[in-house]
Amino acid sequence: MGINAERADGTVIAKADGRIDSSNSREFHTELEAVVADSDAALVLDFEDVAYISSAGMRVILLTAKSLQKSGIKLALCSMNDSIREVFKISGFDKIIEIHESQAEALSAVGA
Amino acid sequence: MTMTESRQKHKILVVDDEPDLEPLMLQRMRRYIRTGVYEFVFARNGVEALEALDVDESIDMVLSDINMPKMDGLTLLERIPDVAPDIRAVIISAYGDMKNIRIAMNRGAFDFVTKPVDFDDLKFTIDRTLQHIREWRDALSARDKLVVLQNELNVASMMQQSILPNKFARNDDYKLFGTMQPARNVGGDFFDVIGLSDGRVGLAIADVSGKGVPAALFMMSSRTLLKGAAMRADGPGEALTEVNDVLNEDNDACMFVTMIYAVYNPKTGELTYADGGHDPPLVVHADGTTTQLPVTEGIALGVMPGFDYDQHIHQLAPGDTVVLYTDGVTEAINSEEEQLGLDRLRGCFEQDPPQGAEDAGHRVIDLVNDFAGDVPQFDDTTCLVLRRED
């Protein structure tokens with residue numbers, strides 16, 4: 001698991017990879033916090049290279065979503081594989097977090 | 001240098017039968033003694049040294065000559081672990097006496113210096129030894145803390161198991177069976193069976209986010225809240241709405257729990273259920289065909305305060321078996337890193353319809369274990385089964 005972040009036009013695009021589970025969710029949280037720290041840029045979290053996310057990883061997404069929401073910063077997730085998309089659907093997380101098919105759609109949704 | 005930075009005083013036991021070493025040592029090391037870096041104590045032979053180590057637990061290291069009356073330094077080396085296992089010894093040997101140096105090192109000496117003693121070299125050797133002792137003690141204390149933590153986790157794991165129902169009331173209309181196979185770490189799965197008025201029974205299965213003590217704590221409070229809400233609420237939707245609102249209070253850690261709560265009425269065969277972001281129940285019909293119950297569009301509990309949970313009613317036919325499970329079942333991993341998936345779960349019933357609630361429950365656990373083989377699973381594997389008897 002790792003996060004690769006790039007900044008463009010007032011948006012941060014963070015791309016995680018691998019498996020996000022309870023063994024690395026703390027590291028995932030720390031890295032994600034570093035990406036959004038001291039920034040008021042919208043965040044697009046790209047799941048293209050993420051193979052699996054456990055509930056511990058979902059919790060980090062939730063923490064991030066809530067903290068961004070408090071600061072009025074937009075967040076969109078994108079490019080999930082079918083099983084991860086299903087996890088977000090079943091858990092109901094897709095009701096409170098924006099999810100898009102592609103990075104381009106996510107970028108336009110956050111207004112980039 | 002980090003070695004000399006420590007302000008902590010270290011006590012060094014010097015063992016030598018020659019009386020001149022004591023004043024020499026005190027004189028050459030006076031600066032470090034004055035500034036409180038070292039404190040020296042002296043013994044004249046191995047026997048005296050062992051006595052000193054036995055009474056004074058604050059000695060950090062031993063600096064010993066080899067040739068001494070009563071007990072020599074090489075014998076002393078063998079005996080030190082009996083009285084003070086966590087200290088280290090440095091040997092003073094005659095220059096070029098490789099035979100005794102080798103014996104000393106093989107008997108566990110940490111290092112050696114040679115006569116005539118070069119005090120700069122000795123100072124360096126003492127510091128290096130003390131540094132090693134500090135690191136060793138830190139490692140020991142970290143290990144002890146880890147052992148305590150592991151014991152606590154084992155207790156949490158036992159508590160998690162012990163609160164699960166393990167006796168299921170027998171009656172003619174329906175049968176129940178539930179089981180949880182915990183993962184190596186304490187997880188947060190649970191199931192519950194709650195007796196309600198008019199012969200109805202409440203069935204819950206849940207999966208708390210994450211692992212370890214936080215998950216175990218959150219699981220305990222979720223379970224208690226649900227038990228209370230289940231008694232009061234008009235139906236499963238209302239029960240989940242109440243539990244969710246309480247869990248959302250002061251939930252800064254953003255823990256959450258996915259849950260199915262269902263109420264079965266044996267008189268009518270109706271199953272009323274609500275989902276809190278959990279995998280939908282599977283109904284296995286008498287002929288082995290399966291139906292996934294439609295979700296009620298809920299959301300994991302603890303995520304969104306004020307959410308209104310919906311409920312559905314499903315009519316069970318005689319011979320229908322409802323399988324509630326956690327994602328530890330469908331997300332079990334085999335050696336090819338494939339997930340077990342819903343299709344395999346359905347498949348295990350379609351080829352051979354279950355004979356009863358207990359049979360169906362065991363089938364699920366066997367399916368996971370056969371699929372996973374030796375691959376360690378990271379999630380609890382839990383299922384709760386209800387069968388409406390023919």
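Predicted model only: the values in this text are computed from it and were never measured.

### A word on helix H3 (residues 82–90) of chain A
Then step 1. For H3(A), every residue scored as buried is listed here: A:Ile84, A:Phe88 and A:Ile90.
Then step 2. For H3(A), the secondary structure elements touched by its buried residues are strand S3 (42–53), helix H2 (55–70), strand S4 (75–78) and strand S5 (98–100) of chain A together with strand S10 (270–276) of chain B.
Then step 3. Capping of H3(A) at its N-terminal end is provided by A:Asn81; its side-chain oxygen lies 3.1 Å from the backbone amide nitrogen of A:Ser83.
Then step 4. A:Gly92 sits one or two residues past H3(A) and shows a positive phi near 80°.

### Quick notes on the interface of chain A and chain B
Then step 1. With 17 residues of chain A at the contact, the number on the chain B side is 26 residues.
Then step 2. Roughly 1700 Å² is buried in total at the junction of chain A and chain B, and carbon and sulfur atoms are behind 61% of that figure.
Then step 3. At the junction of chain A and chain B, the tally comes to 0 salt bridges.
Then step 4. Remark: the boundary between chain A and chain B carries 7 residue pairs in polar contact (both at pLDDT 80 or more).
Then step 5. Every element with two or more residues in the side of chain A that touches chain B is listed here: H2 and H3 of chain A.
Then step 6. Counting residues per element, the side of chain A that touches chain B draws most heavily on H2(A), which supplies 7 residues.
Then step 7. The class makeup of the residues in the side of chain A that touches chain B is 9 nonpolar, 4 polar and 4 charged.

### Description of the packing of aromatic side chains
To describe a pair of aromatic rings, one takes the distance between the centres and the angle between the planes.
Then step 1. Tallied over the full model, the rule gives 9 aromatic pairs over all chains.
Then step 2. Ring geometry for A:Phe47 and A:Phe88: centres 5.9 Å apart, planes at 80°, overall edge-to-face. Note that A:Phe47 is positioned in strand S3 and A:Phe88 in helix H3, a separation of 41 residues in sequence.
Then step 3. One aromatic cluster is present, formed by A:Phe47, A:Phe88, A:Phe93 and B:Phe256 through successive ring pairs.
Then step 4. For the cation-ring pair, B:Arg88 lies above B:Trp136, with the distance from its terminal atom to the ring centre recorded as 5.0 Å.
Then step 5. Sitting over the face of the ring of B:Tyr32, B:Lys123 holds its NZ or CZ atom 4.3 Å from the ring centroid.

### Re the sheet that holds S5(A)
Residues and elements named next belong to chain A.
Then step 1. Reading across from one edge, S1-S2-S3-S4-S5 is the order of the 5 strands in this open sheet, with mixed pairing throughout. The open sheet has two edge strands, strand S1 (2–8) and S5, and neither has a second partner. Geometrically, the sheet is characterised by an average inter-axis angle of 25° between neighbouring strands, direction not taken into account.
Then step 2. Packing of helix H1 (residues 25–36) onto the sheet brings it into contact with S1, strand S2 (11–20) and S3, and relative to S1 it is tilted by some 10°.
Then step 3. Of the strands in this sheet, S2, S3 and S4 are in contact with H2, which crosses S3 at around 175°.

### Re the confidence of the model for chain B
Residue and element names in this part refer to chain B.
Then step 1. Taken over all residues, the pLDDT of chain B has a mean of 90, while the share at 70 or more is 98%.
Then step 2. For the stretch residues 1–7, pLDDT sits under 50, and the model shows 10 contacts to residues farther than four places along the chain or on other chains.
Then step 3. Note on the complex model: pTM 0.75, ipTM 0.88.

### Description of the sheet that holds strand S6 (residues 174–181) of chain B
All names here are of chain B.
Then step 1. Across the sheet, 5 strands lie side by side as S6-S15-S14-S11-S12; this open sheet has antiparallel pairing. The open sheet has two free edges, formed respectively by S6 and strand S12 (290–292), since each of these has just one partner strand. Across the sheet, the mean angle from the axis of one strand to that of its neighbour is 20°, orientation sign disregarded.
Then step 2. Across 3 bridges, strand S11 (residues 282–284) lies against S12 in antiparallel orientation. Residue pairing across strands places valine 283 opposite threonine 291, the latter belonging to S12.
Then step 3. Here helix H11 (residues 341–350) sits on the sheet and contacts S11, S12 and strand S14 (321–325); the angle it forms with S12, its principal contact strand, is near 145°.

What counts and how
Residues numbered from 1 in each chain as written. Chains lettered and ligands numbered in written order. Predicted model: local features only at pLDDT ≥ 70, side-chain atom pairs only at ≥ 80, totals over all residues. Heavy atoms only, no water. Buried < 20%, exposed > 50% of the residue type's maximum accessible area, 1.4 Å probe, protein only. Helix = DSSP H or I, 4+ residues; strand = E, 2+ residues; numbered from the N terminus. Contact = heavy atoms within 4.5 Å. Polar contact = N/O pair within 3.5 Å; in protein donor to acceptor, adjacent residues only side chain to side chain. Buried area = accessible area lost by both parts, 1.4 Å probe. Salt bridge = Lys/Arg side-chain N within 4 Å of Asp/Glu carboxyl O. Nonpolar A, V, L, I, M, F, W, Y, C, P; charged D, E, K, R; others polar. Phe/Tyr/Trp six-rings, centres within 6.5 Å; stacked < 30°, edge-to-face > 60°. Lys NZ or Arg CZ within 6 Å of the ring centre and 35° of its normal. Pairing = 2+ DSSP bridges. Axes fitted to C-alpha atoms, helices over the stretch in contact; angles between N-to-C directions. pLDDT = per-residue confidence, 0-100.

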